[in-house]
Amino acid sequence: MLLSIGIPSYNRGHRALVLVKELLQLPYGNDLEIILSNNGSEKNVEGYEELKELKDNRFIYHEFAENQGFVGNVNQVIRMSRGNFCLLLSDEDKIVAPNLDYYLRVIKEFPEIGMIKAKTSTFYNRLQNAYETAGKKALGAFYMNGNYMSGAIYNREVITNALVDQYETKYRENEAYYYYPHMFYEAYALVHSDFFSGEVWLVDEGEAENDLVVAENEPVQNVAEYGTYEKRMMQMHGFTEQIRDIESAVSIKFQMFIMLCEKTIFLVNLKKEIYENKGYNWNEVMRKAAEQMKEELEWLQLPLSKEYKDTICEFIDEITTK
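Let me begin by describing the structure that accompanies this report. Values in this document were obtained by computation on a predicted structure and should not be read as measured data.

### Regarding the nonpolar core
Now for step 1: Core analysis: the biggest nonpolar cluster contains 67 residues, and Y143, I159 and Y185 have the highest contact counts within it.
Now for step 2: Top contributing element to this core by residue count: helix α10 (residues 250-269), with 9 residues.
Now for step 3: With 36 residues, the next largest nonpolar core counts L23, L32, F59 and I95 among its residues.

### Let's talk about the layout of surface pockets
Now for step 1: If you add up the space inside the second largest pocket, you get close to 340 Å³.
Now for step 2: Lining the second largest pocket we find 17 residues, and of these M286, I319, T320, T321 and K322 sit closest to its centre.
Now for step 3: For the lining of the second largest pocket, the secondary-structure elements that each account for two or more residues are α10, α12 (282-300) and α13 (306-320).
Now for step 4: Take the lining of the second largest pocket: its biggest share by element is 7 residues, from α12.
Now for step 5: The residue makeup of the lining of the second largest pocket, split by class, is 6 nonpolar, 4 polar and 7 charged.

### Structural notes on helix α8 (residues 181-192)
Now for step 1: The end-to-end C-alpha distance of α8, which contains 12 residues, comes to 17 Å, matching closely the 16 Å that a straight helix rising 1.5 Å per residue would cover.
Now for step 2: Within α8, 10 of the 12 residues are buried, which leaves the element mostly enclosed by the surrounding structure.
Now for step 3: Buried residues of α8: P181, H182, M183, F184, Y185, E186, A187, A189, L190 and V191, and no others.

### A word on the packing of aromatic side chains
Now for step 1: Evaluation of the coordinates by the stated rule reveals 23 aromatic pairs.
Now for step 2: Summarising the aromatic geometry, the rings of Y275 and W282 are spaced 5.7 Å apart at their centres and angled 50 degrees between planes, so their arrangement reads as tilted.
Now for step 3: With relative accessibility at 1%, the residue Y275 sits in the buried group.
Now for step 4: Taking the relative accessible area as the measure of exposure, W282 reaches 5% and is therefore buried.

What counts, and where the lines are drawn
- Residues numbered from 1 in each chain as written.
- Predicted model: local features only at pLDDT ≥ 70, side-chain atom pairs only at ≥ 80, totals over all residues.
- Heavy atoms only, no water.
- Core = buried A, V, L, I, M, F, W, Y, C linked by side-chain atoms within 4.5 Å.
- Buried < 20%, exposed > 50% of the residue type's maximum accessible area, 1.4 Å probe, protein only.
- Helix = DSSP H or I, 4+ residues; strand = E, 2+ residues; numbered from the N terminus.
- 1 Å grid on protein atoms, 1.4 Å probe; cavity = no way out; pocket = protein on both sides within 12 Å on 5 of 7 lines; lining within 4 Å.
- Points joined across faces, edges and corners; volume = space filled by probe spheres on them.
- Nonpolar A, V, L, I, M, F, W, Y, C, P; charged D, E, K, R; others polar.
- Expected span 1.5 Å × (residues − 1).
- Phe/Tyr/Trp six-rings, centres within 6.5 Å; stacked < 30°, edge-to-face > 60°.

In structure tokens:
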């Protein structure tokens, strides 16, 4: 089997049902399977009830009795996938059916690729065709390039069940892994295997449901919980933990950390206006961010000279004072 399409789903049975029925119309026979995992949904469950009864040997349905968190559901669809590659797809999105053949041809032509990222309608709409070798080039092409899940295609010989089990145990309390397990697997694949990005549009991103958990405490209660300044900095620490743990050269870890710093500041600045409107001193926020980044650099324990570390600290000061 060439490809599994893994759909982690929660409280969207109505959309999941339509999506699965559309996917089962694709003309690829046993080269394709569809896996859907219902994460203990409490509403819009009628669609899931119908999916349970769906009889098609290309479709596998799973459900948890209780919500396992996003990370638990993503891991479930990866574990269940039997294809050579596994494509992750949000239940609110669609596959641009005529273009799937392109990515199946890529899989057949380059079976050694560890990860493929397909073009999507919004978050990854600028991707170009590129084949990059493992390590610096692959990381430069895609590490921290985005945090949206759909369109990530993993080689199951690289992102194995053993790796998923290892990460689930090791990073159980990791704030970044909790929200973005797919990015941890992307990082592993980029370090250890070749990467391909495709300019052919594969995923049509649907309109998001109004079901995000927002921050409870003033003054930022209108910001999604995962997007607050405090959470973003906790997530940075979480990603730094993976960088520290990953088996690779110092130069690779250095590259990953620099890209992580840039991404973190970008994400924090997305909410700058909201925070300032609530009375926050943004210069103070950025000063604290810079302090934490420098602490994370020390925590990484990279064998760098003082001169090199000073250069990195200057870079951190620069990106936090723009």
